[in-house]
Amino acid sequence: LPAKWVRFDAAKEGNNNARLVWETANESNVLHYQPQVMVPGGRFESIGQVAAQNALSATYSFADQRPGKSGTLLYRIQQTDKDGQVSYSETRSLRFGNSSMRINTYPNPASNHVMVQMDAEKSLLLHWRITDAAGRTALQGQWQMANAVEKWRINIQSLPVGIYQLAIEWNNEKLVQKLVKVKE
């Protein structure tokens, strides 16, 4: 039997890279995972390979650092078992090239709080999430952005010292920034 898909996320890193993160459960006899992207003609093409851990619970990460991405790209993960059987994750989309959103996070590293400044062209409902290195949600919330430039304060005092990712999502788009929590 194929492993159970727990979650699959895709997020932009910088202007031209994508970070794919997926979590599985009950892996047994899994050979590997292949991140895939849809190419012209509607077929998916493998862009890498990640060895399976064959664990009760596992989290994987893959960076798509191929240059020249533009437009909306569709990603999925193909799981291949040792007997040749395959299964697929859900599909995720990322838009490259013309996003009008900008994010600025400061101070970073931070100890008590972090300020997030967003620049956009219109009013948006934003969902944010801070995840730890294992992909577990540490903090989350949402903002209603009414102006073109707004700032929010996130209290991170409760977080242990470490490296996190701040993901902000809206209208099928997602921006991610590294966040470092330090001692006071």
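Predicted model, so just to flag it, every value in this text is computed and none were measured. (Residues numbered from 1 in each chain as written. Predicted model: local features only at pLDDT ≥ 70, side-chain atom pairs only at ≥ 80, totals over all residues. Heavy atoms only, no water.)

Draft legend 1. Structural view of unusual backbone geometry. Residue P107 is reached from Y106 by a cis peptide bond, and omega for that bond is -15°. For P107, the position within the fold is in the loop between β10 (102-106) and β11 (113-119). Here the residue pair N108 and P109 is connected by a cis peptide bond, since its omega of 10° sits within 30 degrees of zero. Summarising the element assignment, P109 is placed in the loop between β10 and β11. Positive phi, normally seen in glycine, also occurs at N26, with a value near 55°. Within the secondary structure, N26 sits in the loop between β2 (17-25) and β3 (30-39). (Helix = DSSP H or I, 4+ residues; strand = E, 2+ residues; numbered from the N terminus.)

Draft legend 2. Focus on the side chain of T131. In this structure, T131 sits in strand β12 (residues 124-131). Taking relative accessible area as the criterion, T131 reaches 11% and is therefore assigned buried. Beyond its immediate stretch of four places on either side in the chain, T131 contacts R136, T137, A138, Y164 and Q165. (Buried < 20%, exposed > 50% of the residue type's maximum accessible area, 1.4 Å probe, protein only. Contact = heavy atoms within 4.5 Å.)

Draft legend 3. Just the side chain of D132, in detail. Position of D132 relative to the elements: it lies in the loop between β12 and β13 (137-145). A polar side-chain atom of D132 sits 2.9 Å from the main-chain amide nitrogen of R136. Setting aside residues up to four positions removed in sequence, D132 forms contacts with I163 and Y164. (Polar contact = N/O pair within 3.5 Å; in protein donor to acceptor, adjacent residues only side chain to side chain.)

Draft legend 4. Fine view of the environment of D119. Its location among the elements puts D119 in strand β11. Residues D119 and S158, spaced 39 residues apart in sequence, show a C-alpha to C-alpha distance of 27 Å.

Draft legend 5. Region of the structure containing the nonpolar core. Counting residues in each nonpolar core, the largest one holds 22 residues, and the members touching the most others are L126, I130, I154 and I168. In terms of nonpolar packing, the next biggest core, distinct from the first, is built from 20 residues, A10, W22, Y33 and Y75 among them. (Core = buried A, V, L, I, M, F, W, Y, C linked by side-chain atoms within 4.5 Å.)

Draft legend 6. Region of interest: the packing of aromatic side chains. For the structure shown, the criterion picks out six aromatic pairs. Relative to W152, the ring of W143 lies with its centre 4.3 Å away and its plane at 10°, an arrangement referred to as stacked. Taken individually, W143 and W152 each receive the classification buried, so the pair is uniform in this respect. Above the plane of the ring of F44 lies R76, whose end atom (NZ or CZ) is 4.0 Å from the centre. (Phe/Tyr/Trp six-rings, centres within 6.5 Å; stacked < 30°, edge-to-face > 60°. Lys NZ or Arg CZ within 6 Å of the ring centre and 35° of its normal.)

Draft legend 7. Summary view of the pattern of salt bridges. Scanning the model with the defined rule gives nine salt bridges in all. Residue D9 is joined to R7 by a salt bridge in which the shortest nitrogen-to-oxygen separation is 2.6 Å. Here D9 falls in the buried class, since its relative accessible area comes to 18%. You can call R7 partly exposed: its relative accessible area is 22%. Linking R92 and E90 is a salt bridge whose minimum nitrogen-to-oxygen distance equals 2.9 Å. Take E90: its relative accessible area is 53%, and that puts it in the exposed class. One network of salt bridges, with partners in common, ties together R7, D9, E23 and R129. (Salt bridge = Lys/Arg side-chain N within 4 Å of Asp/Glu carboxyl O.)

Draft legend 8. A look at the sheet that holds β13. Read from one edge of the open sheet, seven strands run β6-β2-β1-β16-β15-β12-β13, paired in mixed fashion. Each edge of the open sheet carries a strand with a single partner, namely β6 (57-64) and β13. Across this sheet, the average inter-strand angle for adjacent strands is 30°, counted without regard to direction. Pairing of strand β1 (residues 4-13) with β2, which is carried by nine bridges, proceeds in the antiparallel orientation. Counted as the bridge partner of A10 is L20 from β2. (Pairing = 2+ DSSP bridges. Axes fitted to C-alpha atoms, helices over the stretch in contact; angles between N-to-C directions.)

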